[in-house]
Amino acid sequence: MAVHTSPESPLPVGEVSRLIGSWIDRLGAVWVEGQITQLSRRPGAGVVFLTLRDPSHDISVSVTCYRQVFEAVADVVGEGARVVVRAKPEWYAPRGQLSLRAAEIKPVGVGELLARLEQLKKALAREGLFAPERKKPLPFLPQLIGLVCGRASAAERDVLENARHRWPAVRFEVRNVAVQGVHAVPQVVQAVKELDDLDEVDVIVVARGGGSVEDLLPFSDEQLVRVVAQCRTPVVSAIGHEPDNPLLDHVADLRASTPTDAAKKVVPDVGEEHERVRLLRDRARRCVAAYLDREERGLAHALARPSIQDPHRMVDERAEQVTALLERGRRTLRHQLDRADSELTHTRARVVALSPAATLKRGYAVLQRADGHAVRDPAEVSEGETLRARVAEGDFSVRTLSGSTSESTHRVSG
């Protein structure tokens with residue numbers, strides 16, 4: 001129950017400590033799992049003191065137990081061991097200190113650890129943390145490599161020496177951390193986060209030179225796996241332990257079998273790249289030479305064509321054809337005109353020969369009445385009727401008389 005206090009009615013320290021103790025007593029016995037970080041077995045003492053730490057978090061708690069409880073597992077349990085403890089929380093009121101009173105201690109075996117790791121692996125796989133599509137490609141030539149490894153370790157030496165041997169200009173940003181024990185997980189996690197925050201870091205290599213299953217447990221920690229999965233920088237796992245792969249191998253963008261293998265996969269070999277450049281340059285030269293040779297042959301073939309050697313030949317040939325066609329057209333037109341002229345002359349002659357004017361020129365005359373009708377029959381005129389006589393050179397008036405004689409007045413009209 002909540003305690004009601006105020007500045008006017010505060011609780012004494014002893015009362016607060018007593019209340020905390022009473023609340024803790026209600027918890028009862030619990031099973032606790034952790035890693036032993038400190039172990040104190042004083043000769044002749046009936047109590048053993050140890051510190052139990054959470055491997056994934058910076059949290060620890062003091063544990064006490066009777067000597068006979070610890071002696072039951074003393075042969076298989078030491079500092080760094082993973083254990084399961086059945087203990088009752090205790091509150092030491094005079095110092096305000098929490099501890100656990102252990103009644104039973106059980107070591108966590110390798111088989112049990114592997115079974116738990118397999119369960120964790122399946123759970124993380126279901127979340128998609130190991131999916132291939134999440135893998136980020138490594139840069140061809142990283143300018144700055146982030147390296148997380150143990151201080152002055154063989155893994156650090158292997159990565160640095162092999163990478164610089166392959167590409168001397170490569171640079172490293174090294175973070176030395178604990179790679180086993182209770183401090184490994186938080187230090188590795190912190191180092192990976194720091195390197196991922198650096199924009200100039202192109203790839204991160206987490207390296208360790210192998211070890212037992214217990215030594216490699218930090219690299220299967222769920223917190224570390226999730227941090228690596230969230231990295232924007234490609235991460236390479238270089239844990240040298242082939243039989244059992246830590247979970248870091250599955251979540252990393254690239255897995256290397258050893259730190260040396262990581263250096264080979266992250267950094268290209270300068271000699272191989274020079275050779276590749278030389279081969280590509282030679283290939284390019286051959287392609288250009290073949291292309292030029294093919295174009296030269298094509299140009300020579302084109303220049304050998306008659307149309308290129310004597311470009312005016314076709315024009316001259318066509319000019320002769322045009323001249324011949326022009327002369328043919330002129331002849332045809334003259335022939336047509338001559339024939340038309342001959343036909344016109346012949347027709348004109350016929351027309352002239354058949355025209356009334358030609359008849360008149362031969363001495364004939366045409367008599368016309370006053371209404372203009374030609375006289376074709378003597379019966380059509382009456383005596384004394386004035387007619388009009390039309391001859392070749394003009395016309396004049398005549399008047400009819402009885403019999404065969406007639407008097408006339410001559411008038412020539414224009």
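Just above sits the structure.
Numbering of residues begins from 1 in every chain and follows the order in which that chain's sequence is written. Only residues with pLDDT of at least 70 are given local features in this predicted model, and only at 80 or more are side-chain atom pairs given and counted; all residues enter the totals for whole chains, interfaces and linings. As a convention, hydrogens and water are excluded, and side-chain values are obtained from all of the structure's heavy atoms.

Peer 1: Is there a simple way to explain the pairing of strand E9 (residues 235-239) in this structure?
Peer 2: Strand residues, when the strand is regular, have side chains that alternate between the two faces of the sheet. Type-normalised accessible area, obtained with a 1.4 Å probe on protein chains alone, sets the label of each residue: buried when under 20%, exposed when over 50%, and partly exposed for intermediate values. Helix numbering and strand numbering both begin at the N terminus, where a helix is a DSSP run of H or I of at least 4 residues and a strand a DSSP run of E of at least 2. Judged by how many residues are buried, E9 sits mostly within the fold: five of five residues are covered. Of the two faces of E9, the one lined by Val235, Ser237 and Ile239 and the one lined by Val236 and Ala238 are each fully buried. Pairing between strands requires that DSSP locate at least two bridges from one strand to the other. Summarising the sheet, strand E8 (residues 203-208) and E9 pair through five bridges and their orientation is parallel. By the bridge assignment, Ile204 is partnered in E9 with Val235. Once you follow E8 into helix H6 (residues 222-229) and on to E9, the crossover reads as right-handed. Note that E9 and strand E10 (residues 254-255) share two bridges and pair parallel. Note on E10: the bridge partner recorded for Val236 is Leu254. When the strands point away from the viewer and the path from the first strand over the helix to the second turns clockwise, the crossover is right-handed.

Peer 1: Looking at this model, I keep getting lost on the pairing of strand E2 (residues 47-53). Mind explaining?
Peer 2: E2 sits mainly inside the fold: five of its seven residues count as buried. Across five bridges, strand E1 (residues 30-40) lies against E2 in antiparallel orientation. The residue of E2 that forms the bridge with Ser40 is Phe49. Linkage of E1 to E2, two consecutive antiparallel strands, is achieved through a turn of six residues, within which Gly44 is found at a positive phi near 80°. Relative to strand E3 (residues 60-66), E2 runs antiparallel, the two being bridged by seven bridges. Residue Val47 lies in a different strand from E3, and its bridge partner there is Tyr66.

Peer 1: I would appreciate a short explanation of the side chain of Arg208 in the present structure.
Peer 2: Along the chain, Arg208 falls in strand E8. By relative accessible area, Arg208 is classed as buried at 8%. Within the local environment of Arg208, its side chain forms a polar contact with the backbone oxygen of Val179, the two atoms lying 3.1 Å apart. Excluding residues that lie within four positions of it along the chain, Arg208 makes contacts with Ala155, Val179, Gln180, Asp215, Leu216, Phe219, Ala238, Ile239, Gly240 and Pro259. Whenever two N or O atoms come within 3.5 Å, that pair is a polar contact, provided that in protein one can donate a hydrogen and the other can accept it, and provided that, for residues adjacent in sequence, both atoms are side-chain atoms. Here, residues are in contact when the closest pair of their heavy atoms is within 4.5 Å.

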